[in-house]
Amino acid sequence: MIESDCIEHECGVAAVHARDLINIPEKLFFTLFAQQHRGQESTGVAYRKDGRTVVYKDLGMVSTVLARYLERERLCRVGIGHVRYSTHGGNKLENAQPILVDCNKGEIALAHNGNIANMPIIKERLFAEGSIFQTSSDSELILHLLSRSRAPSFLEALHEVLPEIEGAYSMVLMHDDTLIAVRDPSGFRPLYVGEQDGVTVVASETCALDIVKISNYRELEPGEVLIVDHLGARSEHIGKREAESRCVFELIYFARPDSQVFGHSVHTARKAMGRALARSDEVEADIVVPIPDSGNSAALGYAEASGTPLEFGLTRNHYAGRSFIMPTTAERDLAVRMKLHPVREVIEGRRVVLVDDSLVRGTTARLLVQLVREAGAREVHLRLCSPEIRWPCFFGIDIPTRRELISNAMSPGEIARYIRADSVRFLTLEELQSCLNAPGAYCYACFSGAYPIEVPLTDEERAVGRERDLREMREAMDIAEHRGAAHNAPDQE
Ligand code: SF4
């Protein structure tokens, strides 16, 4: 997907604790730089220096905002950092993280990746009781709850508060000189920890540990609270759900292909998805072309399984900015052309299979198909390595409303006509699950609407859900009644 028509992260986190004094902000710079893909709108660090907590954050990318930390040494023992993509909170400095508060438990800094599903209920209660909120981010809520807890110590307060919050949270906290990392009991978002020579690093993805040369790492368990201080590292638990709900989109799109996530190599998992897509595809094509960069690994798998040559028929301009305001079709068209450009010599006269990770609104896909046709393609077939996205996410991913999602309005055949492709095919849920090491441990709610925990759907969304359930029930009954005639029906895409 390219950014004008895609679903987005809501953040990545990093944290460092060192036995001896080291340049912690510099380490945070590199771990955040490696995770820039998880959020490009703001970034920041918090670290303990000379007995006080320093926070520096701003709107912008890591290389700009945090470049000052490459200029001189700041020796200390603990720090946390964050990259953020803004959604509901808006792209405002006040919502940038880490957030620092000074409360009855001492100074607490927090950086959070995820989304608290029961935030509206808790926030309403706290607001009614007189709490003042300085940000619109749900991360601040956790700090309010910690401050209000009657538990005598910070860690006891943390254990009291965490069971109260529902949803996705992989977060890092700093309390005095102690580093704490927490992964929610459902394990929605990844969180890794590694240690080398007395330096412990925590990050959302393993590519951030690789960049600081830590190869000895492990994933935090769902519900694990990791505490690192001058005594070393120890783990406590906040209870584990019966079922894990790892976000399958981390593997499909969000995580970097060179990362490990949920015990999978992201690149290998995407290749397997491409292979699964090709196995049940009967289209005749001359070349397979990835939509860079998100479609690269899957296209390779598709090409291998189908025996169709992989070609780099689209070039991506990595220097095109992402924050285009594109109110008109002409401007959107220009933005896509600035970012992706076809290689005519590769495409001309060929039957092309375009491979991407997923389809959201379809507006970019339409422009891309047009680009590839203008470059002389004889046929264009779009293949998506995820099932159809139909439902919003309440666990840290920004997905447009149900009305905006093209798969709620059109079948694959209708989408093909709309984007002027010769055909469109999605990976099925079963095919996706066949690529995973523990398919029962994942969340698939944006495809199925079956949320693993209760979520604040609007009345309209609930009505749509009920309608869908009724429709599917009726269809199931129809199928049962007409089973004998079904095999004579014409094939539908
Ligand atoms: S709803 Fe979709 S995007 Fe959200 S956590 Fe579940 S799988 Fe991930």
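Just so it is clear, the model here is predicted, and its values are computed rather than measured. (Residues numbered from 1 in each chain as written. Predicted model: local features only at pLDDT ≥ 70, side-chain atom pairs only at ≥ 80, totals over all residues. Heavy atoms only, no water.)

1. Considering the overall build of the protein chain
Now for step 1: Of regular secondary structure, the protein chain possesses 17 helices and 25 strands.
Now for step 2: The buried share of the protein chain, taken over its 493 residues, is 57%.
Now for step 3: Partitioning the intrachain contacts of the protein chain with sequence separation of at least 6 by distance along the chain shows that 70% fall at a separation of at least 24.
Now for step 4: Surface summary for the protein chain: the accessible area is close to 21300 Å², and the carbon and sulfur share equals 50%. (Helix = DSSP H or I, 4+ residues; strand = E, 2+ residues; numbered from the N terminus. Buried < 20%, exposed > 50% of the residue type's maximum accessible area, 1.4 Å probe, protein only. Contact = heavy atoms within 4.5 Å. Areas by Shrake-Rupley, 256 points an atom, 1.4 Å probe, with all protein chains shown as cover.)

2. Regarding the sheet that holds strand β10 (residues 192-196)
Now for step 1: The antiparallel open sheet is built from seven strands, whose spatial order is β4-β3-β5-β2-β11-β10-β12. The sheet is open, and its two borders are formed by β4 (52-59) and β12 (217-219), each paired with just one other strand. Going from strand to strand, the sheet's axes swing by 15 degrees on average, the running direction of each strand aside.
Now for step 2: Pairing of β10 with strand β11 (residues 199-203) involves five bridges; the strand directions are antiparallel. Opposite Val 193, over in β11, you have Val 202 as the bridge partner. (Pairing = 2+ DSSP bridges. Axes fitted to C-alpha atoms, helices over the stretch in contact; angles between N-to-C directions.)

3. Some remarks on the pairing of strand β8 (residues 167-175)
Now for step 1: Most of β8 sits inside the fold, with nine of its nine residues counted as buried.
Now for step 2: Pairing between strand β7 (residues 106-116) and β8: nine bridges, direction antiparallel. Looking across to β8, one finds that Ala 111 is bridged to Val 172.
Now for step 3: Across six bridges, the pairing between β8 and strand β9 (residues 178-183) is antiparallel. Across the sheet, the residue bridging to Ser 170 is Arg 183, located in β9.
Now for step 4: The hairpin turn running from β8 into β9, its antiparallel successor, is two residues long, and Asp 176 in that turn takes a positive phi close to 50 degrees.

4. Remarks on the sheet that holds β9
Now for step 1: In space, the six strands of this open sheet follow the order β6-β7-β8-β9-β13-β14, with antiparallel pairing throughout. The open sheet has two free edges, formed respectively by β6 (99-103) and β14 (232-237), since each of these has just one partner strand. When strand polarity is set aside, the average angle formed by the axes of neighbouring strands in this sheet is 20 degrees.
Now for step 2: Packed on one face of the sheet, helix α5 (residues 154-161) meets β7, β8, β9, β13 (224-229) and β14 and runs near 10 degrees to β9.

5. Some details on the environment of Ala 34
Now for step 1: Summarising the element assignment, Ala 34 is placed in the loop between α1 (24-33) and β3 (42-49).
Now for step 2: Among the residues examined, Ala 34 registers a relative accessible area of 3% and is labelled buried.
Now for step 3: With sequence-adjacent residues up to four places away left out, Ala 34 is seen in contact with Cys 207, Ala 208, Ile 211 and Arg 256.

6. Observations concerning helix α9 (residues 296-306)
Now for step 1: Those residues of α9 that fall on the buried side of the exposure criterion are Ser 297, Ala 298, Ala 299, Gly 301, Tyr 302 and Ala 303.
Now for step 2: Residues of α9 that are buried make contact with α8 (266-279), β18 (287-290), β21 (351-356) and β22 (379-384).
Now for step 3: Positive phi shows up at Gly 307, right after α9, with a value of about 75 degrees.

7. Thoughts on the environment of Val 202
Now for step 1: By secondary structure assignment, the location of Val 202 is in strand β11.
Now for step 2: The buried category is assigned to Val 202, whose relative accessible area is 0%.
Now for step 3: C-alpha of Val 202 to C-alpha of Val 172: the two residues are 30 residues apart in sequence and 8.0 Å apart in space.
Now for step 4: Setting aside residues up to four positions removed in sequence, Val 202 forms contacts with Val 13, Ala 14, Ala 15, Val 172, Leu 179, Ala 181, Leu 191, Tyr 192, Val 193, Leu 209 and Leu 226.

8. Focus: helix α12 (residues 363-374)
Now for step 1: Taking 1.5 Å of rise per residue, the 12 residues of α12 would be expected to cover 16 Å, and the 17 Å separating its terminal C-alpha atoms lies within 8% of that figure.
Now for step 2: Gly 376, located one to two residues past α12, shows a positive phi value of around 100 degrees. (Expected span 1.5 Å × (residues − 1).)

9. A short note on the packing of helix α3 (residues 119-128) against helix α4 (residues 139-148)
Now for step 1: Where α3 meets α4, the closest approach of the two axes is 11 Å, and the angle between their N-to-C directions is 50 degrees. Judged by the inter-axis angle, α3 sits oblique to α4. Relative to α4, the crossing made by α3 is left-handed. Across from Met 119, Ile 122, Lys 123, Arg 125 and Leu 126 in α3, the residues of α4 making contact are Leu 141, His 144, Leu 145 and Arg 148.
Now for step 2: When the residues that make up the contact of α3 with α4 are grouped by side-chain class, the tally is five nonpolar, one polar and three charged. (Parallel < 35°, antiparallel > 145°, perpendicular 65-115°, else oblique. Left-handed = near helix turned anticlockwise from the far one by under 90°. Nonpolar A, V, L, I, M, F, W, Y, C, P; charged D, E, K, R; others polar.)

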